[in-house]
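# A closer look at the structure
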Amino acid sequence: MTAPPPSLRILIVGGYGIFGGRLAELLADEPRLTLIIGGRSLTKAEFFCASRPVQARLFPARFDRDQPLAPQLQALQPDIVVDASGPFQGYGKAPYRLVEAAIAHGADYLDFSDGAAFVRGVSRLDAAARERGVSVLSGVSSFPVLTAAAVRHLAGGFAHIDSISAGIAPSPHAVVGENVLKAIASYAGQAVPARRRGQTLLVHPLTETRRFTIAPPSVLPLPSTLFSLVDVPDLQLLADAWPSVRSIWVGTGPRPEILHRCLIVLSLLVRWKMVRSLTPLAGLFLWANRFLRWGAHRGGMVVEVEGADHRGQKLRRSWHLTAEGDDGPYIPAMAIEALIRRRLDGHRPEPGARSATGALGLADYDKVFAGRLFAHGTRETSAEAGQPLYPALLGAAYQDLPPAIQALHRHEGNHTASGRASVERGRGLLSRLVGAAVGFPKAGADMPVSVTFEITRGREVWIRDFGGRRFRSVQTAGRGRNAYLVDERFGPLSFGLALVVEEGRLKLVVRNWRCLGLPLPRFLAPFGNSFESAEDGRFNFSVEIAHPLLGLIVRYKGWLVENLQP
C-alpha cells in the first residue's frame, strides 16, 4: 500500500506583509502545504487568502506575538513557524519569545531576520532545540544564505580568502516593506560591529560607499550602482565560516541614486552625533519608496572574493545575478521556499538553533530560480585580465559563441579580415554631416570591405575600409562606471557598449556616451540593432547607428573571413 504524500502546516507570522506574502505566493502551487496566514489583523489575512488562486490550502488566522504564544500555537498546530514580520532589531528585551514558543511546541522555526545581533544570538537556544528535536534557522534570506552560497561557489582554488564584498541592488520599482525601512532607519549611522583588518571593529552603516557593476557574463549588465554599507548578519557570520577573512563589506544599492545620496547625508548626521536617530523618518522613507520611482525595472546581486591560491598568487572572483521585472523582489523569500520544498522531499535540517549561513548551496537556488527571469554567472577577474578584449569581457559566455565569432576576437596581435558589404546612409542633412565627420562610407551594395585590427596591451584599433573609404575606432575595456563594457572611441566621442549573447549572436548595446570624456544625456544616445553572427561557418556583421533626433545615420552589413598569414 502506497504511503500518502507528506504534508506540512506552515504558520507565516506576518503572512500578508511584503516578505510573508511573497513567500506564500512562491509556495502557493504546492498542494501538500497548508499555509496559515497569520497577523494581528484577521481582516487582512482573510483578504489575502481570498484574493489568490492557489493549490495549497490557505488559512487566515489572527496571531499576535505580543500575546501569550503557547495557546495560539496549540490552536494552529503548525509544523513550521516562519517569522516574516520584524523589524528584528526592535524585538525588545525578550527577542526570542516566538522562537522559544516554537521550540516548546515542537515546531521547526525559520525567519527573515536581517538583524546581525538577532541572528548570531539565536545559537543560545541550540541545546533546547536539540533536546526537543527541532530545527531553528535564523536569517534565512539573501543575507546571509545566498551570500554564503555564492562564497562557497567562488572559494574553490583559494588557499585563503582575505576579503568578501557583496551587495544587492533592488529594482527601483520594488516595494520595500515598512519594517525593513524601520530597521534601516534604526541603524543608519549608528556604530555596529563588523570584520575589519582581521578583527571585530565598529563601522557606521550607510556612511561607507562603494560602486559595483552587476554583470553576469553574456547578459545586459546593470548600470554602475552606488552601494552603502548595511548592518546584516554577514558582517560577522561569514568570518565564522571563513576564519582567514580579514574584511567583510556588504551593502545595498537603492535607486534612484539621488534619493540614496540623501539617505547617506542623513546617516552621516547620525554618525557625527548631530542627529540621534533616523527612526522618526521611517515614514518619509516609506513614502519616497512608494512614490519616487524611476529607472529600469531590474535588480541584481554581486558577491566578490579576494585572496590567494596555494602558490601565493592573488585571486579575485565574483558572482553576479540579474533579475528582471517583478521576479527580483521574490529572491529574499526563496531561501525559505527552498528549505520547505526540501523538507517536503524528506530533507529536514539537523536539530539545533543556528544561523542559516550553511543551509543552502547555489544548486538549491537554481531549482527555485527555474522559470524566472534570472541570469547569474561567475567572473574570473584574475584569469580574464590577461586575455584578449572580448574573451576577457565575456568570460565563460565567450565559449557559447559560434566558432567564427570566437576566431575573430581571440587574437593577441595584429590581423586583417576581408569580405563584402552593403551600406545604407541616412538621408537627412544633419545625419549626412555627422556620418561624413566620422568618416562612415557612402551608400553602396556589394562593395569590398576589410578590417585591420591593431592590438596592443588590451587596446584594439579597428580600421575599416569600405571600397577605399576608411574610418577607425579604438576599443578598450571599460573602467570605473564602464566596468565590463567595451569602451569604443570615434574621435572625441566614446561609447560604453554592453556585450550580450543571444541565440548565437553577439549584440552590442549602447549603455552610455561621452564627448571629450564628459557624460552626455542617455536619452540622446545613438542606438541601433547591431550584432555579430555566423552563417555557413563565416563571420557576419550588421551595424546600425541611429539617433533619436537625427534618425538613421548609417547601416552596414556583410561578411568577413580572415586573411591568411604569409
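Details of the structure are given in the entry above.
What comes next is a walk through the structure. Predicted model only: the values in this text are computed from it and were never measured.

## A few points about the sheet that holds strand β6 (residues 135-138)
The 7 strands lie next to each other as β3-β2-β1-β4-β5-β6-β15, forming an open sheet whose pairing is parallel. Taken across any chain shown, the strands that pair with only one partner, and hence form the sheet edges, are β3 (57-62) and β15 (352-355). Averaged over all neighbouring strand pairs, the angle between strand axes comes to 15°, with direction disregarded. Strand direction decides the pairing type here: strand β5 (residues 108-111) and β6, joined by 2 bridges, are parallel. Residue pairing across strands places Y109 opposite V136, the latter belonging to β6.

## Overview of the pattern of salt bridges
This model, assessed by the stated rule, comprises 26 salt bridges. When the shortest N-O distance is used, the salt bridge between D446 and R420 registers 3.2 Å. Here R420 lies in strand β17 (residues 415-425) and D446 lies in strand β18 (residues 444-456), a separation of 26 residues in the sequence. Overall, D446 belongs to the exposed group, its relative accessible area being 52%. Accessibility expressed as a relative area gives 29% for R420, which makes it partly exposed. Salt-bridge contacts for R514 lead to D487; the nearest nitrogen and oxygen are separated by 2.6 Å.

## A short note on the pairing of strand β27 (residues 551-562)
Where β17 and β27 come together, 9 bridges link them in antiparallel fashion. Across the sheet, E424 pairs through a bridge with R555, a residue of β27. Bridge count for strand β26 (residues 538-547) against β27 is 9 bridges, and the pairing is antiparallel. Within β27, the position partnered with F541 by the bridge is G558. In this structure, the hairpin formed by β26 and β27 is closed by a connection of 3 residues.

## What to know about the environment of D231
Among the structural elements, D231 can be located in the loop between β11 (225-229) and α9 (234-241). For D231, a relative accessible area of 9% corresponds to the buried category. Along the backbone, D231 and D114 are 117 residues apart, and their C-alpha atoms lie at a distance of 7.7 Å. With near-sequence residues (within four places) excluded, D231 lies in contact with D114, A116, Y187, V192 and P205.

## Quick word on empty space enclosed by the protein
Applying the stated criterion to the full structure yields 2 cavities of 30 Å³ or more. Its volume calculated, the largest cavity comes out at about 70 Å³. Lining the largest cavity are A215, P216, S218, V219, P221, R379, L393, L394, Y484, L485, A498 and L499. Listing elements by their share of the lining of the largest cavity, those giving two or more residues are α15 (389-394) and β22 (493-502). Considering only residue class, the lining of the largest cavity consists of 10 nonpolar, 1 polar and 1 charged. Roughly 60 Å³ of internal volume is contained in the second largest cavity. The wall of the second largest cavity is formed by I80, D108, L110, S135, L339, I340, R343 and P349. Of all the elements in the fold, those that place two or more residues in the lining of the second largest cavity are β5 and α12 (331-344). With 3 residues, the single largest contributor to the lining of the second largest cavity is α12.

Here is what the cut-offs are and how they apply
- Residues numbered from 1 in each chain as written.
- Predicted model: local features only at pLDDT ≥ 70, side-chain atom pairs only at ≥ 80, totals over all residues.
- Heavy atoms only, no water.
- Pairing = 2+ DSSP bridges.
- Helix = DSSP H or I, 4+ residues; strand = E, 2+ residues; numbered from the N terminus.
- Axes fitted to C-alpha atoms, helices over the stretch in contact; angles between N-to-C directions.
- Salt bridge = Lys/Arg side-chain N within 4 Å of Asp/Glu carboxyl O.
- Buried < 20%, exposed > 50% of the residue type's maximum accessible area, 1.4 Å probe, protein only.
- Contact = heavy atoms within 4.5 Å.
- 1 Å grid on protein atoms, 1.4 Å probe; cavity = no way out; pocket = protein on both sides within 12 Å on 5 of 7 lines; lining within 4 Å.
- Points joined across faces, edges and corners; volume = space filled by probe spheres on them.
- Nonpolar A, V, L, I, M, F, W, Y, C, P; charged D, E, K, R; others polar.

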